Structure formats: structure tokens, C-alpha cells
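The primary structure of each chain is shown beneath.
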Amino acid sequence: MSGPGRIETPPTAGRPDDIRAVPVRHRGRWVAVALILLFGASLIHSVATNKLLEWHVVGHFLFDPRIIDGVVLTLELTVTAMAIGVILGVALAVMRLSPNPLVSGPSWLYIWFFRATPVLVQLLFWYNIAAIYPRISLGIPFVGVEFVHGSANTVITTYVAALLGLGLNEGAYMAEIVRAGIISVGEGQTDAAQSLGMSRLQIMRRIVLPQAMRVIIPPTGNETISMLKTSSLASVITLTELLLATENIYSVNFKPIQLLIVASIWYAAMTSVLYVGQYYLERHYGRGSAREMPATPFQRIRRGLFSLRREATR
Amino acid sequence: MTEPMVRAEGVHKRFGRLEVLKGITLTVLPGEVMVLLGPSGSGKSTFLRCINHLEKINSGRLSVDGELVGYREAGDKLYELRESEIARKRAEIGMVFQHFNLFPHMTALENVMSAPIRVNKVPRERANAQARALLERVGLPDKLAAYPAQLSGGQQQRVAIARALAMEPKLMLFDEPTSALDPELVGDVLQAMKQLAGEGMTMIVVTHEMGFAAEVADTVVFMDDGMVVETGSPDRVLGDPRHERTRAFLSKVL
């Protein structure tokens, strides 16, 4: 096993022997391991042998078309609400950092309002909006010019109500995340970009935001995962997303636990996919921050297989 | 008589109640290399930042290439320039910072290319070729694809010089370009600056490198407490300082 430089120094000559000592015995650790194994085993045993759990029911409903529709709607709602949240968040954060108090003030007020009220209340509010604004129109205020208008009940469908409730609320949280990211970029970066003649917009877009991303992505991933599950609140305003889809089934067949397990499996699966997405996004925006990129799990596996093959052919 | 590249007349700058510049008057001619010396807190860096309007002056007159910095004069009134106009003027002045301030999310090549493409709307292929040539000129032809974090301080500072030169500036400002470097890395950066001076670039350099001042500067300005104490050729100011404060400073530095 000696490398090229080691050949002239035989291992016995001059190299002291490695220390051989009796290691400390960690009896406490063995006790803890035993207890945990015992607990784990009993848990698995009880779940696997419990006839009342009826795993075949879970399997039967896992790919039920109604469940799949719910999954699709949950995904749609998560993606669109997060898109609204991110766009609003960036706008609010940039506004919040403006030196003009007439710009930063409203942003502060918005963030305060949406963080100060529960999202479930906001959802119910949008769902019932027709009670105070039966007619909604888009136009120029006060002069009576209207481009489009309609009844609130047709414009604000349950999906739109859920989207507004979740998206507008998310905007407030994203604003704080984006603001933290922007602040984290040193002033020297702005100095340098300004001295090169870049405009404020170019500096924000090309210099500050790409660097802020490194700080923004991890909590945004967290928000997305959180949104995926918070979207289940929309079941309260009768949007048939994953949770309400399962509820509708178990209200008929009286198997709530089995169907809640179905929902949990889907939520967990979707969350896991988001984990992977976040990992690669972080890697992308981590460019330049580390001297060398750590290998992705795939690269590590491939490298492992290669070295195994090389060992084998040797 | 040639129009000065930089003309400052009674330039004052305050941060709140702290007066940092207390009436700076000096001129820099085209092609001149001026070194600003002085203890920290004497206002050298602030003055440099005023020249490209990174800081706004409170009173006095400051002009670059015959045009006021940050304002337009019409009749006896001053009008503030729009941000886009200020940006256009900044684009003609290169600046190199103590802490390099390279864009960490871009490679060396992208750092040098970005401003010509975004600000001067230079076609990408031409900006690329020009950036390669500049990085070669500062001695980094093999670091095009390296990110700033993969470069030593001296290499980063040379990329920063190339980045400023890519905008083809008529004036270069150096704000303590070697102060953050390990001693053995200082030489390469000074070499690049010396080369630039030799090519006739107008330069204002804030530095503590007395050797550079003696060898490259046309004029040395000693500042203390927001004022110009002494101005002259390097031989004169460094070799035969007239003022007590200059002597005291030089005796500590040399």
C-alpha cells in the first residue's frame, strides 16, 4: 500500500509502533441502544400485526382517482400560491428597503397585517368576500371606468379564495426572507457594481439577488414544504384538495385512519420530492461560495461504482 | 493649457456631524499618477469615493474631465443629475477597492465581462475576447473559469483591476488596493498598476506603499484630518517634507 514517495522508507525502520490501548467501555450507550431497539421492534410489531389497521384498505385507496385528483389539486395550489408568495415577497422586500417612507411604509403595513392574522381566518375571509363585495370590477377608481366586472361568487371561486388566502399570506413571510437575503449581501458589492456604471435595477437583478439567493433558498424550501401541508386548510373552505378528497371517502366508508394514512403517504412523498429539488437549487446558487462543490449523491454513487469496478478489474 | 482630469475646489464632506473632508483643493492632469498618503481617518478614501459620486459632497466644487460630479450647472443654478446620468459618468471612472469586491457568483471572466455587456451593450463575443485579453494582461490567463473564492487575494485584486479596465475608463481610482493582501502578494498587484501607469492612465491611488509612491507617482499628496497638508513630487514630499505632520507620519511608515 506504500505510495511512490514512501518506497525508500521501510515501515519498520524508525517508525514508532502505533499505540495499542484498551478502549473505554461505553456501557450506557449499549443500554440506550438496547432500549431503542426494543421500543422500535415493539412499535413495528404492533403496527404490522394490528388487524384493525387493514393495510389492504390503504393500498386499495392509494391510487384511487379521487385521491389522485386531490394530489394534483394540492400540488397546483402549492405551486401557484408559492409563485404568488415569491413574486409578492421580492416586490415587498425591495419596497421595504426603499429609502422613501411612502414606499417602505405600505410594505411594512402589509407584512404586519398578514403576519398578525391567522391564515385560516384569511382563507375564510376570502371565501366569504361576496358578503361585503358582491360585485368585483377592474377599472380606474372614482371616475367610473371599468374594464371587466363580475359577480364575486363567479370571480372568487373556492380555488381563487384559497389561492388568495395562501398566496397573499405567504407574500408577507417571503418578504421577510428575501429582505434578510438582500441585507446579507455586503455593501462592497453595490459599491463595485455602481462604480462600473450599473443601474439600480441591474445591480439588484444581476449582483444582489443572485447572491441573496444563497440565503433565501433554504428558508424558501422550508416555506414550500410548509405550504404543501398548509394547503390542507383549504379543505375547510370546501376545496377538494388531498385532505378533503380523503375526508369525502372516509365519510362514506368509515375508515378514517386508513385514508389519513393514504393522505400522509402522499404528503410525505411530495415533501420528499421537494427535498431533492431544494438540494439542487441550493447547489446551483452556492456556486462560487465554496472552493469545490461537494458531489451530489448521484455523483457519489457513480464514483463509488466506478472505483468498485476498477478494484474488480485489477 | 490642458483641461485637468480631476479638479477639486474646497470640497467638504460631512457624515452627520463628523466633518471628514474640510476643504480639499487639488487638480489631477490627464496621464498623471497621484498618490494620496495620510493616516487612516484622514479622508483619503472618502475623497476617492466622492470623485465617482459614491459619496455626495456637501460643499465645494468637484469636476471630472470638465464636468461637475453629480450635478449640471445651468445659469447660476445646480441641478441634480438623474441616476442614469450619474451611472453613465461612473462607467467612465474605474475603481479598485481594498477588499476587491469581486462578484463571488461569477467566474473571473464573467466578472470582467459583465459590465461591458450590461452597461455598454458590447456584444457578448467581443466582451469575451476583450476580457480574456485583459486577464492575460494582468497575468491571469489560466484563471478565466475560476470563481473568486478559488483565487488568492493578489489574483482577486488583479481580476478587479481587469474588471475596471474592461469599461475603458479615462480615470482609475485605487482605494488601498494592497492593504488586504499578504506581503508576498503585493508585488504582482503593484506590477499591474505600474504597467498601467506606464501606458499613460490617469490614476489616483490611496496607498501605504511608499516604494510605489516614490517610483510611480508624479505627485504625492499628504492628507491629514480632512485637509491637504502638503503636495509635491515624490522626491520632495517623501525626501524633504516641509510640514511637521508629514515628517511625523513618514517617520512611522518608512
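Cut-off values and rules
Residues numbered from 1 in each chain as written. Chains lettered and ligands numbered in written order. Predicted model: local features only at pLDDT ≥ 70, side-chain atom pairs only at ≥ 80, totals over all residues. Heavy atoms only, no water. Helix = DSSP H or I, 4+ residues; strand = E, 2+ residues; numbered from the N terminus. Rg over C-alpha atoms; globule rule 2.2 N^0.38 Å. Buried < 20%, exposed > 50% of the residue type's maximum accessible area, 1.4 Å probe, protein only. 1 Å grid on protein atoms, 1.4 Å probe; cavity = no way out; pocket = protein on both sides within 12 Å on 5 of 7 lines; lining within 4 Å. Points joined across faces, edges and corners; volume = space filled by probe spheres on them. Nonpolar A, V, L, I, M, F, W, Y, C, P; charged D, E, K, R; others polar. Contact = heavy atoms within 4.5 Å. Salt bridge = Lys/Arg side-chain N within 4 Å of Asp/Glu carboxyl O. Polar contact = N/O pair within 3.5 Å; in protein donor to acceptor, adjacent residues only side chain to side chain. Phe/Tyr/Trp six-rings, centres within 6.5 Å; stacked < 30°, edge-to-face > 60°. Lys NZ or Arg CZ within 6 Å of the ring centre and 35° of its normal. pLDDT = per-residue confidence, 0-100. Core = buried A, V, L, I, M, F, W, Y, C linked by side-chain atoms within 4.5 Å. Axes fitted to C-alpha atoms, helices over the stretch in contact; angles between N-to-C directions. Parallel < 35°, antiparallel > 145°, perpendicular 65-115°, else oblique. Left-handed = near helix turned anticlockwise from the far one by under 90°. Pairing = 2+ DSSP bridges. Patch = residues over 30% accessible without salt bridge, like charges linked within 9 Å, V, L, I, M, F, W, Y side chains within 5 Å. Areas by Shrake-Rupley, 256 points an atom, 1.4 Å probe, with all protein chains shown as cover.

(A) Fine view of the overall build of chain B. Of the regular secondary structure elements, chain B holds 9 helices and 12 strands. On C-alpha atoms alone, chain B measures out to a radius of gyration of 18 Å, which is about the 18 Å that the 2.2 N^0.38 rule sets for 254 residues. Its C-alpha atoms give chain B principal-axis dimensions of roughly 50 × 50 × 40 Å. Within chain B, the proportion of its 254 residues that are buried is 54%.

(B) Layout of empty space enclosed by the protein. All names here are of chain B. Here the structure, examined in full by the defined rule, presents 1 cavity of 30 Å³ or more. Volume-wise, the largest cavity comes out at about 50 Å³. Lining the largest cavity, in full, are Arg 137, Val 138, Ile 161, Leu 165, Ala 192, Gln 195 and Leu 196. Broken down by element, the lining of the largest cavity gets its largest block of residues, 3 residues, from helix H6 (residues 183–198). Tallied by class, the residues present in the lining of the largest cavity amount to 5 nonpolar, 1 polar and 1 charged.

(C) Representation of the interface of chain A and chain B within the structure. Taken together, the 20 residues of chain A in the interface contact 27 residues of chain B. For the interface between chain A and chain B, the tally reads 2 salt bridges. With a closest N to O distance of 3.0 Å, Glu83(B) and Arg200(A) form a salt bridge. Taken together, the connections running from chain A to chain B amount to 6 residue pairs in polar contact (both at pLDDT 80 or more). Among the elements of the structure, helix H8 (187–195) and helix H9 (200–230) of chain A are those that each provide at least two residues to the side of chain A that touches chain B. Here the side of chain A that touches chain B is composed, by residue class, of 6 nonpolar, 9 polar and 5 charged.

(D) Quick peek at unusual backbone geometry. All names here are of chain A. Even without a glycine there, the phi angle at Glu 54 is positive, about 50 degrees. Phi at Thr 238 takes a positive value of approximately 65 degrees, unusual for a residue other than glycine. One can find Thr 238 in the loop between H9 and helix H10 (242–253). A relative accessible area of 44% means that Thr 238 is categorised as partly exposed.

(E) Focus on the layout of surface pockets. What the largest pocket holds in volume is close to 1,100 Å³. Lining the largest pocket are 31 residues, with Thr190(A), Gln194(A), Arg200(A), Ile203(A) and Glu83(B) positioned closest to its centre. For the lining of the largest pocket, the secondary structure elements donating two or more residues are helix H7 (158–184), H8 and H9 of chain A together with helix H2 (83–90) of chain B. Here the residues of the lining of the largest pocket sort into 15 nonpolar, 8 polar and 8 charged. Counted as a void, the second largest pocket has a volume near 420 Å³.

(F) Summary view of the packing of aromatic side chains. Taken as a whole and judged by the stated rule, the model has 6 aromatic pairs over all chains. On the numbers, 4.4 Å between centres and 35 degrees between planes, the contact of Tyr110(A) with Phe114(A) is tilted. Taken together, the positions of Tyr110(A) and Phe114(A), both in helix H4 (residues 101–116) and 4 residues apart, correspond to about one turn of that helix. The two residues Tyr110(A) and Phe114(A) agree in class, both being buried. Through a chain of ring-to-ring contacts, the aromatic side chains of Tyr110(A), Phe113(A) and Phe114(A) assemble into a single cluster. Directly above the ring of Phe103(B) sits Arg163(B), whose terminal nitrogen or CZ lies 4.5 Å from the centroid.

(G) Highlighting the environment of Val20(B). Residues and elements named next belong to chain B. Take Val 20: it is sitting in strand S2 (residues 18–28). Taking the C-alpha atoms as reference points, Val 20 and Lys 44, 24 residues apart in sequence, are found 9.3 Å from one another. Every residue in contact with Val 20, bar those within four places of it in the chain, is listed here: Lys 13, Arg 14, Phe 15, Ser 42, Gly 43, Thr 46 and Gly 226.

(H) Structural detail: the confidence of the model for chain B. For chain B, the mean per-residue pLDDT works out to 94, and 100% of the residues sit at or above 70. Overall fold confidence (pTM) sits at 0.79, and the ipTM for the predicted complex is 0.92.

(I) Fine view of the nonpolar core. One finds Phe47(B), Ile51(B), Leu62(B), Leu171(B) and Ile204(B) to be the most contacted residues of the largest nonpolar core, which totals 73 residues. The element contributing the most residues to this core is H7(A), with 12 residues. Once you skip the residues sitting within four places of it in the chain, Phe47(B) turns out to touch Ala8(B), Leu21(B), Ile24(B), Leu26(B), Leu36(B) and Leu62(B). Counting residues in hydrophobic clusters, the runner-up holds 53 residues, among them Ile161(B), Phe174(B), Val186(B) and Ala217(B).

(J) Examining the packing of helix H3 (residues 65–96) of chain A against H7(A) more closely. All names here are of chain A. It is at 5 Å that the axes of H3 and H7 come closest, and there the two elements cross at 45 degrees. Judged by the angle between their axes, H3 and H7 are oblique. In this structure, H3 meets H7 at a crossing whose hand is right-handed. Split into classes, the residues belonging to the contact of H3 with H7 amount to 20 nonpolar, 5 polar and 5 charged.

(K) Region of the structure containing the pattern of salt bridges. All names here are of chain B. Scanning the model with the defined rule gives 23 salt bridges over all chains in all. With a closest N to O distance of 3.0 Å, Glu 230 and Arg 236 form a salt bridge. Glu 230 gets classed as buried once you look at its relative accessible area, which sits at 3%. Given the relative accessible area of 21%, Arg 236 is considered partly exposed.

(L) Broad picture of the pairing of strand S7 (residues 77–80) of chain B. Residue and element names in this part refer to chain B. Across 4 bridges, strand S6 (residues 71–74) lies against S7 in antiparallel orientation. Within the sheet, the bridge partner assigned to Ala 74 lies in S7 and is Lys 77. What sits between the antiparallel neighbours S6 and S7 is a turn of 2 residues, in which Gly 75 has the positive phi angle 65 degrees.

(M) A nonpolar patch on the surface, seen in detail. All names here are of chain A. Taken together, Leu 138, Ile 140, Phe 142, Val 143, Val 145, Phe 147 and Val 148 make up a surface patch of nonpolar side chains, about 790 Å² in accessible area. Those elements that provide at least two residues to the nonpolar patch are strand S1 (135–140) and strand S2 (145–151). Per-element accounting of the nonpolar patch gives the leading share, 3 residues, to S2. Residue position: Val 145 is located in strand S2.

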